[in-house]
Amino acid sequence: MSNKIIFTNNKLSVPNTIEIPYISGDGIGKEIWEASQPVFDAAIKKIYGVEKKIIWKKCLAGREAYDQTGEWMPEASLELIKAHLVAIKGPLETPVAGGIRSLNVLLRQTFDLFSCVRPIKWVEGVPSPVKNPQNVDMVIFRENTEDIYSGIEWKAGSEKSDELIKFLQDKMGTDTIRFPENCGIGIKPISIEGSRRIVTSAIKYAIKHNLPSVTIAHKGNIQKYTEGLFRDVGYQVAEETFKDQTFTWMQYEAIKKEEGIEKANNALENAQKSGKVIVKDCIADAFFQNSLLNPQDYSVVVTTNLNGDYISDALAAQVGGIGISPGGNINYLTGYAIFEATHGTAPTIAGQKKANPCALLLSGVMLFRYIGWNEVADSIENAIDISIKNKTVTADFNMPNAKIKDTFTFAEEIIKNL
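Thresholds, definitions, all that
Residues numbered from 1 in each chain as written. Predicted model: local features only at pLDDT ≥ 70, side-chain atom pairs only at ≥ 80, totals over all residues. Heavy atoms only, no water. Phe/Tyr/Trp six-rings, centres within 6.5 Å; stacked < 30°, edge-to-face > 60°. Helix = DSSP H or I, 4+ residues; strand = E, 2+ residues; numbered from the N terminus. Buried < 20%, exposed > 50% of the residue type's maximum accessible area, 1.4 Å probe, protein only. Lys NZ or Arg CZ within 6 Å of the ring centre and 35° of its normal. Patch = residues over 30% accessible without salt bridge, like charges linked within 9 Å, V, L, I, M, F, W, Y side chains within 5 Å. Areas by Shrake-Rupley, 256 points an atom, 1.4 Å probe, with all protein chains shown as cover. Salt bridge = Lys/Arg side-chain N within 4 Å of Asp/Glu carboxyl O. Lys, Arg positive; Asp, Glu negative; His and termini not counted. Charge placed at Lys NZ, Arg CZ, Asp CG, Glu CD. Core = buried A, V, L, I, M, F, W, Y, C linked by side-chain atoms within 4.5 Å. Contact = heavy atoms within 4.5 Å. Pairing = 2+ DSSP bridges. Axes fitted to C-alpha atoms, helices over the stretch in contact; angles between N-to-C directions. Expected span 1.5 Å × (residues − 1). Arc of directions from axis to C-beta.

### So, the packing of aromatic side chains
Next, step 1: The tally for this structure, following the rule as stated, stands at 15 aromatic pairs.
Next, step 2: When the centroid spacing of 5.7 Å and the interplanar angle of 35° are considered together, the rings of Phe 40 and Trp 56 count as tilted. Of this pair, Phe 40 sits in helix H1 (residues 29-48) while Trp 56 is found in strand E4 (residues 53-58), placing the two residues 16 residues apart along the sequence. Across the pair, exposure class does not vary: Phe 40 and Trp 56 are buried alike.
Next, step 3: Between Phe 287 and Tyr 298, the aromatic rings sit 4.9 Å apart at their centres with planes inclined by 70°, giving edge-to-face as the arrangement. You can see Phe 287 sitting in helix H10 (residues 284-293) and its partner Tyr 298 sitting in the loop between H10 and strand E13 (300-303), a full eleven residues away along the chain. With respect to burial, Phe 287 and Tyr 298 carry one shared label: buried.
Next, step 4: Joined through ring pairs, the aromatic side chains of Tyr 22, Trp 33, Phe 40, Tyr 48, Trp 56, Phe 368 and Trp 373 make up one cluster.
Next, step 5: Sitting over the face of the ring of Tyr 48, Lys 52 holds its NZ or CZ atom 4.4 Å from the ring centroid.

Structure (structure tokens):
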């Protein structure tokens, strides 16, 4: 019997014994993985006894792979993930100068992991720079494969940059490039298909988890044919694909124009009472302000790649920083998923047992929810919450009067609290 997860008919088939590849990562990655794996295994045993288990399969990538094979991401590693569908990883070093731009981007593009899913929720006791962090409870759906992360750009003064600028000026009538003689230039692709699938995933998530709203965060007021397209497609998906399960701000405005604000407000109220997901949009810069002033107004946020990068980290800061922020890169159409700690490699503290493993642990929580092992996910999440409430944490929490633990004794504390 196979130990591999299979994706058929838009559904995962998960055996009781699963092989899952892991990339420990660079810098602090090795430490946080070695601390996290025993937590995962203990939680599985706690919930399922010997009925279920995971066989963790080491997958070489990053500095360790380069030192051993001369490649940052060996083809064998990509094949291992391809064969097993689901993987988990720590932070990876990005090579400086030439070669691969980013190993994370490489993985996302190789497996077409178009949804970067980042849950942002405050845990009681975690220091926060905002007054009411308990109001911050959102899930970010960041489009993961398009936008400027496509890497279509040319260096200032290069032949290709000059050639493209000349084409834009001579053939396309562009006259707003201020300094064309010495200008780096890039291309920002945003497609109907790419926008449709990420918004569809976000709305499905909101419906499945009974969440009240989906907000399309965009910069369509300036970038009308890219970010504006993203917004328009988002509303189109809501009103056509999910017309019986959503009520959009566009519908509200149409009722308001035809029948007045009272009728529009009544329609919105009725939609909310009936459990429909309210789909609205917000200009990205306004969203940053609103997420500080009124975070309770947002639940699921779907956005383009660059906006999502900014928004995810900014919201993470409100609940304690990316050191405790998990992430999942998912293709809901093929089943491929790679869960990851969202922080960097932190080389200055590598090997010192100071690293906080929570981002990787919570990424494991996301993985367990993805494969349907929800009780294991709940067990780990609750154990982390208890440890933090008891002020038994790693030093980076900066918590007054805390009992400071190193990476491994903190993980042991979490195991005690399972």
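This is not the end of the story, as more comes after the structure.
### Section: a negative patch on the surface
Next, step 1: Together, Glu 159, Asp 162, Glu 163 and Glu 181 make up a negatively charged patch on the protein surface.
Next, step 2: On the secondary structure map, Glu 181 appears in the loop between helix H5 (159-170) and strand E9 (185-186).
Next, step 3: Among the residues examined, Glu 181 registers a relative accessible area of 62% and is labelled exposed.

### A closer look at the nonpolar core
Next, step 1: In terms of nonpolar packing, the biggest core is built from 90 residues, with Phe 368 and Ile 380 touching the most fellow members.
Next, step 2: Those residues in contact with Phe 368, other than ones at most four positions away along the chain, are Phe 40, Ile 44, Ile 54, Trp 373, Asn 374, Val 376, Ala 377 and Ile 380.
Next, step 3: Met 138, Phe 287, Leu 315 and Ala 316 belong to the second-largest nonpolar core, a separate cluster that totals 13 residues.

### What to know about the pattern of salt bridges
Next, step 1: Scanning all chains against the criterion turns up 18 salt bridges.
Next, step 2: Across the pair Arg 108 and Glu 340 runs a salt bridge whose closest N-O atoms are separated by 3.2 Å. In this pair, Arg 108 is assigned in helix H4 (residues 103-110) and Glu 340 in strand E15 (residues 337-341), connecting sequence segments 232 residues apart. The two residues Arg 108 and Glu 340 agree in class, both being buried.
Next, step 3: Among the ionic pairs, Asp 112 bridges to Arg 197, the shortest N-O distance being 2.7 Å. Of the two residues, Asp 112 sits in the loop between H4 and strand E6 (115-121) while Arg 197 sits in helix H6 (residues 192-208), which places them 85 residues apart along the sequence.
Next, step 4: Connected through salt bridges with shared partners, the residues Arg 63, Asp 67 and Glu 93 form a single ionic network.

### Quick notes on the sheet that holds E15
In a beta sheet, neighbouring strands are held together by backbone hydrogen bonds and run either parallel or antiparallel to one another.
Next, step 1: Ordered by their spatial adjacency, eleven strands build an open sheet running E4-E3-E5-E15-E14-E6-E7-E13-E10-E12-E11, and the pairing between neighbours is mixed. Strand pairing shows two members of the sheet lacking a second neighbour, E4 and strand E11 (246-248), which therefore form its edges. Averaged over neighbouring strand pairs, the angle between their axes works out to 25° when direction is ignored.
Next, step 2: Two elements, strand E7 (residues 137-143) and E13, share four bridges in a ladder whose sense is parallel. By the bridge assignment for E13, Arg 142 is matched with Thr 303.
Next, step 3: Strand contacts of H6: E6, E7, strand E10 (213-218), E11, strand E12 (277-283) and E13, with the helix running at about 160° to E7, the strand carrying the most contacts.
Next, step 4: Sheet strands in contact with helix H11 (residues 305-318) are E6, E7, E10 and E13, and its direction is about 155° off that of E7.

### A word on helix H9 (residues 261-273)
For the α-helix, the turn length of 3.6 residues means that residues three or four positions removed from each other point alike.
Next, step 1: In a regular helix each residue adds 1.5 Å, so 13 residues correspond to 18 Å; H9 covers 18 Å between its end C-alpha atoms and thus fits that length.
Next, step 2: Here H9 has its buried residues at Ala 264, Ala 267, Leu 268 and Ala 271. The arc enclosing the buried residues of H9, seen along the axis, measures out at 95°, which places them on a common side. Away from the buried face of H9 by more than 90 degrees, exposed residues Glu 262 and Lys 273 are located.
Next, step 3: Just downstream of H9, Gly 275 is the residue with a positive phi angle, here 85°.

### Let's talk about the environment of Ser 36
Next, step 1: Secondary-structure assignment places Ser 36 in helix H1.
Next, step 2: Beyond its immediate sequence surroundings of up to four residues, Ser 36 is in contact with Pro 357, Leu 360 and Leu 361.

### What to know about the pairing of strand E5 (residues 86-89)
Next, step 1: Of the two faces of E5, both are covered, the one formed by Val 86 and Ile 88 as well as the one formed by Ala 87 and Lys 89.
Next, step 2: As judged from the two bridges shared by strand E3 (residues 17-23) and E5, these two strands associate in the parallel manner. When the sheet's bridge partners are listed, Tyr 22 is paired in E5 with Ile 88.
Next, step 3: Bridge count between E5 and E15: four bridges; the pairing is parallel. Its bridge partner being in E15, Ile 88 is matched across the sheet by Phe 339.

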